[in-house]
Amino acid sequence: MQTIKAAVCRAFGDPLVIEDIQIAPPQTGEVEVTLDAVAICHSDISYASGAWGGFLPAVYGHEAAGVITAVGPAVGGFAIGDPVVVTLIRACGSCPSCAGGNPTICETPYDTVKGPLRTADGGPLEQAMACGAFAEKVVVSHRQIVKIPSDMPKDVASLLSCGVITGVGAAVNAAGLRPGQDVVVIGAGGVGLNAIQGARIAGARRIVAVDMTEDKLDIAAEFGATHGVLATSKSPWKDAYKALGGRGADAVLITVGAIPAYDQAPRYLGPGGKAVMIGMPHSGDQSSYEPVILAALGQGLIGSKMGDVVIQRDIPWMIDLYEQGRLKLDELISGRWSLSQINEAIADTKTGSAKRNVIMFDKA
Ligand SMILES: [Zn+2]
Ligand SMILES: [Zn+2]
């Protein structure tokens, strides 16, 4: 066991505590990655607030990039010194979902409490989301990592681990957008802006962003939204129809956790349209809709986890798009912080104005 520094959640709703923890060496199929950067995602905040329950104490954090510093047995294709992004998608590779090309919904359970992390005194410590990246190092499956170019900045690369693949993947993989289709994206936050970029990359004709403030709609326009609609309007779907020339959308991508957005989403759809649920409401939250309308208009409701990505296929593609200037990543970062400032960075993310705040491990 090695001793490293981590931000630990000891009680839901309390600030994270910077403490020494222990991490085991990589086991069969695993690698150790020493982190340079980890971005803060709203999922980390939901977990830390207790919205989804879970074991405590726990280490959250799951949008990371760093360099491989140890390789366990039976790991092919990776070596010490490789720069990588680390994702939370711990896919077994052989269950029906993995074998069917859907590793984000892998069916093989992984016990995050029996994982590589222990408290300083040897007690149990959850490696939340199979990652535990609010820490100087992670030990993860080699199936969770993807090599990146050595000159790619790690703060930028870390964004590819969750928000970017979820948003772009939802547009390209889950909604299966074709050139010329019309899209509505509800929410212009970390995932929503990437859904907008994904729709643009897929060749969407018109992309309508829906959010609560003009500021958010302005940012959405920078990422490719052709129209903006205020969610505070009386019937925002009517404003969207107007932007779409009187017809509903071919797809509506719901990137927020607020239930009214789910209740309203089918109203934005045209005949044959699909509502793609990407955001993560709190456990127990319920939504309702009118089945007869969906049946009569041949519409669909689908869920998408992590953009239905296959990281080994999609992350190298997205890195090329970034290098070609077709995928914005630098513009998604709103601040850089040290590990000791993590509670301030989380508070800043909670204000909703921030895009992504990134913890840099070389910052004092
Ligand atoms: Zn995330
Ligand atoms: Zn699997």
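What comes next concerns the included structure.

What counts, and where the lines are drawn
Counting of residues starts from 1 at the beginning of each chain's written sequence and follows it residue by residue. Chain A is the first chain written and ligand 1 is the first ligand written, with later ones labelled in order. Only residues with pLDDT of at least 70 get local features here, since the model is predicted, and only at 80 or more are side-chain atom pairs given and counted; chain-wide, interface and lining totals rely on the full set of residues. Side-chain figures throughout are based on the complete set of non-hydrogen atoms in the structure, without hydrogens or water. We call a set of buried Ala, Val, Leu, Ile, Met, Phe, Trp, Tyr and Cys residues a nonpolar core when their side-chain atoms join them within 4.5 Å. Throughout, exposure labels follow a simple rule: accessible area from a 1.4 Å probe, protein chains only, divided by the maximum for the residue type, with under 20% read as buried, over 50% as exposed, and the rest as partly exposed. Note on contacts: a residue pair is in contact if any heavy atoms of the two residues lie within 4.5 Å. Each metal's donors comprise the N, O and S atoms found within 2.8 Å of it (within 3.2 Å for Na, K or Ca). Water is not part of the atom list, so some coordination spheres may appear incomplete. Strands here mean DSSP runs of E at least two residues long; helices mean DSSP runs of H or I at least four residues long; both are numbered from the N terminus. Each axis is a line fitted through C-alpha atoms, taken for helices only over the stretch in contact, and angles between the N-to-C directions span 0 to 180 degrees. Roughly parallel covers angles under 35 degrees, roughly antiparallel covers those over 145, roughly perpendicular covers 65 to 115, and oblique covers all other angles. Only centres within 6.5 Å qualify two rings of Phe, Tyr or Trp (six-membered ring in Trp) as a pair; their planes then separate them into stacked at under 30 degrees, edge-to-face at over 60, and tilted for everything else.

### Structural notes on the nonpolar core
- By size, the foremost hydrophobic cluster in this structure holds 57 residues, and its most contacted members are Met-152, Val-164, Ile-196, Leu-253 and Leu-329.
- Excluding residues that lie within four positions of it along the chain, Leu-253 makes contacts with Ala-170, Ala-171, Ala-175, Val-183, Val-184, Val-185, Ile-186, Ala-195, Val-276 and Ile-278.

### Points about the coordination of the zinc ion (ligand 1)
- Within the protein, Cys-41 (SG), His-62 (NE2) and Cys-162 (SG) serve as the donor atoms for the zinc ion (ligand 1), at 2.0 to 2.2 Å.
- Between consecutive donor residues of the zinc ion (ligand 1), the sequence gaps follow C-x20-H-x99-C. Pair noted here: Cys-41 is in the loop between strand 3 (30-39) and helix 1 (42-49) and His-62 is in the loop between strand 4 (58-59) and strand 5 (63-71), with a separation of 21 residues, a long-range link.

### Remarks on the packing of helix 4 (residues 163-174) against helix 10 (residues 311-323)
- Running from N to C, helix 4 and helix 10 cross one another at 100°; their axes reach a closest spacing of 11 Å. Taken together, the axes of helix 4 and helix 10 are roughly perpendicular relative to one another. For the pair formed by helix 4 and helix 10, the contact residues are Val-164, Ile-165, Val-168, Val-172 and Asn-173 on the first element and Ile-311, Arg-313, Asp-314, Ile-315, Trp-317 and Met-318 on the second.

### Observations regarding the packing of aromatic side chains
- Here the structure, examined in full by the defined rule, presents two aromatic pairs.
- Aromatic pair Tyr-47 and Tyr-60: ring centres 5.6 Å apart, planes at 20°, arrangement stacked. On the criterion of sequence distance, the pair formed by Tyr-47 in helix 1 and Tyr-60 in the loop between strand 4 and strand 5 is long-range, its members being 13 residues apart.
- Judged by relative accessible area, Tyr-47 falls into the partly exposed class, the value being 24%.
- Residue classification places Tyr-60 among the buried residues on the basis of a relative accessible area of 2%.
- Three or more aromatic residues joined by ring pairs make a cluster, and in this case those are Tyr-47, Trp-52 and Tyr-60.

### Quick word on the environment of Ala-275
- Structurally, Ala-275 is set in strand 15 (residues 269-277).
- For Ala-275, a relative accessible area of 0% gives the class buried.
- When the C-alpha atoms of Ala-275 and Gly-53 are compared, they prove to be 27 Å apart, with 222 residues separating the residues in sequence.
- Filtering out sequence-adjacent residues up to four positions away, Ala-275 remains in contact with Val-252, Ile-254, Leu-269, Gly-300, Leu-301 and Ile-302.

Interpretation note: all reported values are geometric properties and have no functional meaning in isolation.
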